[in-house]
Structure formats: C-alpha cells, structure tokens
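Descriptive structure summary
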2 protein chains.
Amino acid sequence: MNFLEEKILKDGIIKEGNILKVDNFLNHQIDIEIMKQIAEEFCRRFKGEEITKILTIEASGIAIASILALYLNVPLVFAKKSHSVNVDNDKYCAEAFSFTHKTTNNVFVSKRYLSKEDKVLIVDDFMALGSAMLALTNIVEQAGATVVGIGIAIEKGIQEGGEIIRKKGYRLESLAIVDSMDAATRTIQFRKQDC
Amino acid sequence: MNFLEEKILKDGIIKEGNILKVDNFLNHQIDIEIMKQIAEEFCRRFKGEEITKILTIEASGIAIASILALYLNVPLVFAKKSHSVNVDNDKYCAEAFSFTHKTTNNVFVSKRYLSKEDKVLIVDDFMALGSAMLALTNIVEQAGATVVGIGIAIEKGIQEGGEIIRKKGYRLESLAIVDSMDAATRTIQFRKQDC
C-alpha cells in the first residue's frame, strides 16, 4: 500500500452512493506533506519525459499542479470553467460533465498559453467519469500540442473514466485507484499496481 | 521597483475601464518563478509571526497559497464559492461581490478546517474591492480564530478594498499597489512602499 492509499484509509470518508470524501487533505483543506509526496511520485513516474507545461482545471487541481510545476520548473496553466462561454478565436473550448456537481461546464484555455511545441502533462486531484480529463486532452490537441500523460491522485476505478482514457491510448498514472468501497463496513479495495 | 512591479510592467495588459490583465503569469497561465518570489516575499514580510494555516479562495489564489504553504509547512484551506449554499451547521459562510465577474458569491469554509486556535494568514493573487478578503476575515472570526494578516500579490489601489481593510486594522501586505494606470499611454503608477 502506498502513502496515498494509506492516507485515504486513514482520513477519507466513504458515503452512500459511492462517494469518497477527501476534503480534509486533498480538495478543501490541503495537506501539504501529501501534496509534496504526490508531486514527487509524478516526477518519478514521468521521469525522462520532456514536459514543457503542466495543465490542470480549476479549482482543486491547482494545488497539486503548482507544487509539481515548482519541482519541474515549468509553467502551469489552469483551464477555467464557465456555464456559458463566448466561443471565440481566443480560446480553445471543450465540454465537461461533473459527476460531483451534476452539471456540464464549458472548459477553456486561452490560445496564447498552449502552442504546438508544448509537451503537456495534465494533472488533477480526482477522476471519476474522466470527462474533465477528456476535455483537457481535447484542448491540448486543438492546440496541436502533445499530451505527455495524465497524472491523477485518486481515480475512482468504480467509474469508467480510467478505462475510457486508457483505451484512447493516453498514458494515465493514477496514484490510488479505488476499485470498490463499502460505506457500511468502511472498507476500500485499491487496484494493485506494479510501480 | 520590485520584481512584481517589473513583471506587471513587462507582461501586464492595461485595458479600458481600469482593467489590468495579468493572466499570462498570475491567474490563468502561472509563472512559477514569480510564484516562488511572491511566496518568499510573504515569508519575509510575515517573518516572526506564528502561522498555523494559510487561507485563500478558489481558484487563482490556490497557486500562491500552495507554494507559500509548502515554504511555511502548514496546511492550506481554500474557501469555496457557490451561488447558492445551504447555510447549515457545518460551514462558515459569508458573501463576496466579485468586481471581475460582477456577481455575488457565497463563500464558505467547512467548520472542521478552522478552529479557534488557528493563526491564519489569508492570501490572494489580486484585490480590487476587497470583498473576498473581507468575507475570509469574517469566516476566520466566525471560527474564533486569529487573522495574522492578509497578503496580496497585486492590489488595485485605484479601488477601495485596501483602504477599507487597513482601516479595519488588519495587517495588509500588498506586493504591488497600482495607484493609477492609463490604457492609452500604457503606463502604470505604483504606490511607493518602504519595505
């Protein structure tokens, strides 16, 4: 069991309806020691890859992305969300459905901040349906840039996001993959990983 | 002229209506070298203060807050925004009007993440009307915690936020204070500061 799986077992809260709350260390209060370990582990897993930019999506992904950008010494771009966006020539736009909020957002990045030379590592704290990550890969590709990979802290393996993204051929590195959880017994099954 | 004032002059864009766009290094694309310098300068200015927690508000404040939390080795909490919040016993809530978006948001922090023992440094990337910062001080005080100070990267001295906050007796440290700007001549006047 790795540091993040241990932290989830210690501090995560399982709720009915396959909801895992980790807002005491990952997406409301942020445990900076865990952030450092997550960023170090992404550095280790993507070592040897040329990365020119980190891309994430507001809001909670920004914490991990900032520490990782600091370690890799590259700029960070965060995609913005909006219910309505004027799709104009200045922005790359895509749609993303949020499992947490049950809403569809327009996600956009200014064209000035992605170029076809960019080698982009996409990161986020949490992935369920994978809709936000697919929107970000779409945006990177609209820019003609390269998706180096996708780094996720916690993947809900119960939902289909991970499978869709892996089938599309992206390199997806999730530090903890939750394959099942049970609110009644307060148990979580993590997927076994080699690395 | 300090590093941030130089960066604003070099990369900021002045638009009609007293709008200063800094989204190429501060709040859409993030220049990690500038973030490090901002965090180091906050460390210097608040040196000697006991700080147990960094508080910011989503989304763009999270980048500065994360690097600062890393340097100070304390947890970070980011307040969330919502158009509608069930004001319940779990959250501290306050209202904030956004000058940028012309909307009023409910801002909230889970009660679990602020306690009366906390000494809180509030930080954000940008301040105009000061409404978000007043909402955060309100939330800290609802928790019975102490506001150590407020650290802002860019204060629009043209608007009244800074004056209101200083009059209330909070220690406000803004790294660059824009006292006037002119879109036609592309000039910015910064307030002289001692430190």
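Before reading on, note that the structure itself is shown above.
Structural notes, computed from the coordinates. (Residues numbered from 1 in each chain as written. Chains lettered and ligands numbered in written order. Predicted model: local features only at pLDDT ≥ 70, side-chain atom pairs only at ≥ 80, totals over all residues. Heavy atoms only, no water.)

**Things to note about the overall build of chain A**
Where we set the bar: Helix and strand labels come from DSSP, where a helix needs a run of H or I of at least four residues and a strand needs a run of E of at least two; each type is numbered from the N terminus. Radius of gyration here uses only the C-alpha atoms, and the compact-globule reference equals 2.2 Å multiplied by the residue count raised to the power 0.38. For every residue, the accessible area obtained with a 1.4 Å probe (protein chains only) is divided by the maximum for its type, and the residue is called buried under 20%, exposed over 50%, and partly exposed between those limits. Residue contacts are counted whenever heavy atoms from the two residues lie within 4.5 Å of one another. Only the protein chains shown count as covering a residue, and every accessible area follows the Shrake-Rupley method with a 1.4 Å probe. We score Asp and Glu as negative and Lys and Arg as positive, and we do not count His or the chain ends. Charge coordinates come from a single atom per side chain, which is NZ of Lys, CZ of Arg, CG of Asp or CD of Glu.
Broken down by element type, chain A carries five helices and 11 strands. Computed over C-alpha atoms, the radius of gyration of chain A comes to 16 Å, within 12% of the 16 Å expected from 2.2 N^0.38 for 195 residues, which places it in the range of a compact globule. Reported as C-alpha extents along the three principal axes, the dimensions of chain A are approximately 50 × 35 × 30 Å. By the burial criterion, 57% of the 195 residues in chain A qualify as buried. In chain A, 59% of the contacts between residues at least 6 apart in sequence involve partners at least 24 apart. Accessible surface, chain A as shown: approximately 8700 Å² in total, 46% of it carbon and sulfur. Counting 25 positive and 27 negative side-chain charges, chain A places the averaged centre of each group 1 Å from the other.

**Here we look at the environment of Phe42 of chain B**
Relative to the elements of secondary structure, Phe42 of chain B occurs in helix α2 (residues 32–45). Residues Phe42 of chain B and Asn73 of chain B lie 31 residues apart in sequence; the distance between their C-alpha atoms is 14 Å.

**Observations concerning the pairing of strand β8 (residues 119–127) of chain A**
The two faces of a sheet get side chains in turn, since along a regular strand they alternate between them. We count it as follows: By the criterion used throughout, a crossover qualifies as right-handed when its path from the first strand across the helix to the second strand runs clockwise, the strands pointing away from the viewer.
In terms of burial, β8 of chain A is largely enclosed, as eight of its nine residues are buried. Traced from β8 of chain A through helix α4 (residues 131–142) of chain A to strand β9 (residues 146–156) of chain A, the parallel crossover comes out right-handed.

**Things to note about α4 of chain A**
All names here are of chain A. Cut-off, in case you're wondering: The length a helix should cover is 1.5 Å for every residue beyond the first.
Helix length check: α4, at 12 residues, gives a terminal C-alpha distance of 16 Å against a target of 16 Å (1.5 Å per residue), a fit within 8%. For α4, every residue scored as buried is listed here: Ser131, Met133, Ala135, Leu136, Thr137, Ile139 and Val140. Downstream of α4 by a residue or two, Gly144 has a phi angle that is positive, lying close to 75°.

**Here we look at the relation of the copies chain B and chain A**
Heads up, the condition is: Here the copies are superposed with least squares, the fitted atoms being C-alpha atoms of residues at a pLDDT of at least 70 in both.
Overlaying chain B with chain A gives an RMSD of 0.0 Å, the required rotation being 180° about an axis along which the chain moves by 0.0 Å. The transformation relating the two chain copies, once decomposed into turn and shift, fits a two-fold axis. When C-alpha distances to the rotation axis are compared across chain B, the minimum falls at Ala59 of chain B, with a value of 2.5 Å.

**Remarks on the interface of chain B and chain A**
Our working definition: Two parts placed together each lose some accessible area under a 1.4 Å probe, and adding up what both lose gives the buried area. Each salt bridge in this description consists of a side-chain nitrogen of Lys or Arg and a carboxyl oxygen of Asp or Glu lying within 4 Å of one another. We define a polar contact as two N or O atoms separated by no more than 3.5 Å, with the added condition that, inside protein, one atom must be a possible hydrogen donor and the other a possible acceptor, whereas residues neighbouring each other in sequence contribute only through side-chain atom pairs. Each residue receives one of three labels: charged for Asp, Glu, Lys and Arg, nonpolar for Ala, Val, Leu, Ile, Met, Phe, Trp, Tyr, Cys and Pro, and polar for the others, Gly being one of them. Strands qualify as paired when DSSP identifies two bridges or more between them.
Each side of the interface is counted separately: chain B has 35 residues, and chain A has 35 residues. The three residues of chain B that bury the most area against chain A are His28, Leu70 and Tyr113 of chain B, which together make up 25% of that side's buried surface. Counting the contacts that link chain B with chain A gives two salt bridges. Arg112 of chain B is the salt-bridge partner of Asp23 of chain A, the closest N and O atoms lying 3.7 Å from each other. Where chain B meets chain A, there are 14 residue pairs in polar contact (both at pLDDT 80 or more). Within the residue set of the side of chain B that touches chain A, elements represented by two or more residues are β3 (29–30), α2, α3 (61–72), β5 (76–82) and β7 (103–110) of chain B. Among the elements that line the side of chain B that touches chain A, the one with the most residues is α3 of chain B, at seven residues. Residue composition of the side of chain B that touches chain A, grouped by class: 19 nonpolar, eight polar and eight charged. Summarising the sheet, strand β5 (residues 76–82) of chain A and β3 of chain B pair through two bridges and their orientation is antiparallel. Its bridge partner lying in β3 of chain B, Leu76 of chain A is registered against Ile30 of chain B.

Function-wise, these values are silent; they only describe arrangement.
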